[in-house]
Amino acid sequence: MKVRPLADRVMVKLEKNEAKTAGGIIIPDTAQEKTQTGTVVAVGTGTEKVAITVKNGDKVMYDKYAGTQIKVDGEEHLILKMADIIAVVE
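Residues numbered from 1 in each chain as written. Predicted model: local features only at pLDDT ≥ 70, side-chain atom pairs only at ≥ 80, totals over all residues. Heavy atoms only, no water.

**With respect to the sheet that holds strand 1 (residues 9-14)**
Then, number 1: Spatial ordering of the open sheet is given by 4-5-1-2-3-6, a layout of 6 strands whose pairing is antiparallel. Of all the strands in the sheet, just strand 4 (68-72) and strand 6 (85-89) have a single pairing partner and so form its edges. The average undirected angle you get between the axes of adjacent strands in this sheet is 40°.
Then, number 2: Bridging between strand 2 (residues 37-43) and strand 3 (residues 59-62) involves 3 bridges; their strand directions are antiparallel. Looking at the pairing, T37 lines up with M61 of strand 3. (Pairing = 2+ DSSP bridges. Helix = DSSP H or I, 4+ residues; strand = E, 2+ residues; numbered from the N terminus. Axes fitted to C-alpha atoms, helices over the stretch in contact; angles between N-to-C directions.)

Okay, here's the thing in structure tokens:
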């Protein structure tokens, strides 16, 4: 399935959380905190008021409870507004 975000939206592939602590303790999925970083895989065209300032392949940080979570080909993705992206990780 192909998904193309519209206007000022960006699609981000979520990063998987580490399931183990440094001491070797396994953390169940229900106790893990939601990830706040991911890799941009698709961008919209922008609007007159909001320009898209990220590109495919950029690693970004976003607001904790932002966006709409979707599954594409069995992988978790998030569709965000450009305003919800808070930083590009270099």
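From this point on, the discussion continues.
**Thoughts on the nonpolar core**
Then, number 1: In this structure, V10, V12, L14, V40, V54, V60, Y62, A66, L78, L80, M82 and I85 together form the largest nonpolar core, which totals 12 residues.
Then, number 2: It is strand 1 that contributes the most residues to this core, 3 residues altogether.
Then, number 3: Discounting chain neighbours no more than four positions away, the residues touching V10 are P5, V40, A42, V43, I52, V54, L78, I79, L80, M82 and I85. (Core = buried A, V, L, I, M, F, W, Y, C linked by side-chain atoms within 4.5 Å. Buried < 20%, exposed > 50% of the residue type's maximum accessible area, 1.4 Å probe, protein only. Contact = heavy atoms within 4.5 Å.)

**Thoughts on the pairing of strand 5 (residues 75-81)**
Then, number 1: Note: strand 1 against strand 5, 5 bridges, orientation antiparallel. When the sheet's bridge partners are listed, V10 is paired in strand 5 with L80.
Then, number 2: Relative to strand 5, strand 4 runs antiparallel, the two being bridged by 5 bridges. Counterpart to T68 in the pairing with strand 5 is I79.
Then, number 3: Here strand 4 folds back onto strand 5, and the loop between the two strands holds 2 residues, one of which, D73, carries a positive phi near 50°.

These values are about where atoms sit, not about what they do.
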